[in-house]
Amino acid sequence: MDGDRPAPMEVLREARAQLEELTGLAPESVSSFEQTENGWALEVEVLEMARVPDTMSLMASYQVELDQQGQLTGYRRVRRYERGRADPRGGR
């Protein structure tokens, strides 16, 4: 692997940390991760609002883009959903 590119696990850890620092929301999982021509692309699931019961908590998916060194270059929320609901689009 190219010495300038960090290992995939480093990229995942850094992406989660950078997204949390910017949004104040703790990532729960990474639902997609891929290396791109310009760096890396991830979709990260975060808890936006805790509710009782937990299955009613409000979750969100964020699309996160990083450069080849693993530095976050952009993010955006792509959907919001209740934790207990299945994805009506049939998954990604």
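My aim in this report is to walk through the structure given alongside it, one point at a time. (Residues numbered from 1 in each chain as written. Predicted model: local features only at pLDDT ≥ 70, side-chain atom pairs only at ≥ 80, totals over all residues. Heavy atoms only, no water.)

What follows concerns the pattern of salt bridges. Taken as a whole and judged by the stated rule, the model has six salt bridges. One salt bridge in this structure joins E28 and R83, with 3.0 Å as the shortest N-O distance. Of the two residues, E28 is situated in strand β1 (residues 27–35) and R83 in the segment after β4 (72–82); the sequence distance between them amounts to 55 residues. Using a relative accessible area of 28% as the deciding quantity, one classes R83 as partly exposed. Put simply, R80 and E48 hold a salt bridge, and the shortest N to O gap is 2.7 Å. A residue pair is termed long-range when its members are at least 10 positions apart, and R80 in strand β4 and E48 in strand β2 (residues 39–49) qualify at 32 residues. One network of salt bridges, in which partners are shared, links E28, D54 and R83. (Salt bridge = Lys/Arg side-chain N within 4 Å of Asp/Glu carboxyl O. Helix = DSSP H or I, 4+ residues; strand = E, 2+ residues; numbered from the N terminus. Buried < 20%, exposed > 50% of the residue type's maximum accessible area, 1.4 Å probe, protein only.)

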